[in-house]
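So the chains spell out like this:
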Amino acid sequence: MTSAAHALGISQPAVSMMLRECSREAGFPMFVRKQGRLQPTAETRVLLAELERVFDGVDRIGRLIEDMGDTHVGSIQIAATATLANNILPAAVAAFQASRPRIQITIRTTDNPGVIQSVVRDEVDLGLALSPLAQHDARAVELCTADLVVVVNPTHPLADRTVVEAADLAPYPLISFSRSQPLGALVDQVFRQAGTPRRVAIEVNQSSVACALARAGAGVSVIDPFWLIDAREIGIVCLKFVPKTALSAQILISRSSSLSRPARLFLATLRRTVQSLQAQGVLNEVGTSPGAR
């Protein structure tokens with residue numbers, strides 16, 4: 001009793017009164033006096049085990065709130081198309097992890113419809129997709145824009161050109177995407193407007209595969225420019241495609257829930273990463289000159 005009164009900062013009679021009130025509310029004695037000391041009853045011993053778990057849970061919540069307050073712990077879930085997951089996200093994640101290593105980042109690589117679905121269903125904090133987007137209920141914010149490019153093998157007859165159009169590609173096997181994919185629909189639209197049939201010789205669903213096939217000499221391909229940001233495709237030539245056809249990398253955010261603080265901080269880092277790429281001329285130069293041979 002004396003220790004309890006001291007811990008609570010109240011008098012010993014006040015503690016006695018509290019115990020009597022607790023027993024009255026509970027409907028059974030909570031303590032009995034044995035040999036001049038209070039001993040918990042069997043019922044109280046059962047309650048104590050449960051109370052320990054409650055207090056431990058309260059402590060954990062307190063620590064979590066404290067950690068979340070300084071934004072150094074938590075988690076971020078991101079859904080992204082393969083091109084953006086491979087080319088824009090890595091630098092942003094590296095920069096973010098350098099300052100907040102205790103925040104776990106999960107990246108799900110999927111296609112555009114998969115990104116949209118993950119965001120709309122609140123399965124992720126944010127998504128990264130390429131335009132044009134199908135109808136969706138997410139909020140879309142433009143991250144950056146660049147123009148479609150053509151990739152060919154260095155020995156290809158078009159390799160010495162700096163600019164090509166749809167008609168120039170017609171005589172050669174075309175490596176392209178299904179119309180059901182946003183990129184395929186966009187390329188199809190360009191060919192249609194140019195009055196040139198788009199005859200797909202090899203159908204793919206990733207720009208990385210299209211580049212690998214072009215490098216092997218299997219044909220020519222019109223792809224998104226973001227895959228070439230890191231100039232990883234040594235062994236291909238990148239040509240400017242006209243008319244200029246812009247493709248946007250977009251951030252998708254759920255309309256039904258707000259971003260967590262870690263997600264907002266990551267979004268700011270992602271924007272700074274893209275601004276840095278633009279300042280270096282990387283995004284602006286993609287598709288404006290021949291690539292590495």
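Anything mentioned here points back to the structure above.
**A closer look at the pairing of strand β10 (residues 200–204)**
As paired strands, strand β9 (residues 174–177) and β10 are joined by four bridges and run parallel to one another. Across the sheet, residue Leu174 finds its bridge partner in β10, namely Val200. Crossover handedness for the path β9 to helix α8 (residues 182–193) to β10: right-handed.

**What to know about the layout of surface pockets**
Approximately 430 Å³ is the volume attributed to the largest pocket. Lining the largest pocket are 16 residues, and of these Ala4, Val15, Leu19, Phe31 and Leu48 lie nearest its centre. Sorting the residues of the lining of the largest pocket by element identifies α1 (2–8), α2 (12–26) and α3 (42–69) as the ones contributing at least two each. Residue classes in the lining of the largest pocket are distributed as 14 nonpolar, one polar and one charged.

**A few points about the pattern of salt bridges**
Applying the stated criterion to the full structure yields ten salt bridges. Glu123 is the salt-bridge partner of Arg121, the closest N and O atoms lying 4.0 Å from each other. Note that Arg192 and Asp188 form a salt bridge whose closest N and O atoms lie 2.6 Å from each other. Within this pair, Arg192 and its partner Asp188 are both found in helix α8, separated by four residues, close to a single helical turn. Residue classification places Arg192 among the exposed positions, given a relative accessible area of 54%.

**Regarding helix α5 (residues 89–99)**
Listed as buried for α5 are Leu89, Ala92, Val93 and Phe96. All buried residues of α5 lie within an arc of 95° about the axis, which places them on one face of the element. Next to the buried residues of α5 lie β3 (74–80), α4 (82–87), β4 (103–109), β5 (126–130) and α10 (261–279).

**A short note on the nonpolar core**
In this structure, Phe226, Phe266 and Leu270 are the most contacted members of the largest nonpolar core, which totals 63 residues. The residues contacting Leu270, other than those within four sequence positions of it, are Ile88, Leu89, Ala92, Leu128, Leu143 and Ile251. Formed by eight residues, the second largest nonpolar core is a distinct cluster that contains Ala79, Ile116, Val119 and Ala129.

**Observations regarding the packing of aromatic side chains**
The tally for this structure, following the rule as stated, stands at one aromatic pair. Pairing Phe96 with Phe266 gives two aromatic rings, centres 5.4 Å apart and planes at 85°, and the pair type is edge-to-face. Here Phe266 lies in helix α10 and Phe96 lies in helix α5, a separation of 170 residues in the sequence. With a relative accessible area of 0%, Phe96 lands in the buried category.

Rules used in this analysis
- Residues numbered from 1 in each chain as written.
- Predicted model: local features only at pLDDT ≥ 70, side-chain atom pairs only at ≥ 80, totals over all residues.
- Heavy atoms only, no water.
- Pairing = 2+ DSSP bridges.
- Helix = DSSP H or I, 4+ residues; strand = E, 2+ residues; numbered from the N terminus.
- Right-handed = clockwise from strand over helix to strand, strands pointing away.
- 1 Å grid on protein atoms, 1.4 Å probe; cavity = no way out; pocket = protein on both sides within 12 Å on 5 of 7 lines; lining within 4 Å.
- Points joined across faces, edges and corners; volume = space filled by probe spheres on them.
- Nonpolar A, V, L, I, M, F, W, Y, C, P; charged D, E, K, R; others polar.
- Salt bridge = Lys/Arg side-chain N within 4 Å of Asp/Glu carboxyl O.
- Buried < 20%, exposed > 50% of the residue type's maximum accessible area, 1.4 Å probe, protein only.
- Arc of directions from axis to C-beta.
- Contact = heavy atoms within 4.5 Å.
- Core = buried A, V, L, I, M, F, W, Y, C linked by side-chain atoms within 4.5 Å.
- Phe/Tyr/Trp six-rings, centres within 6.5 Å; stacked < 30°, edge-to-face > 60°.

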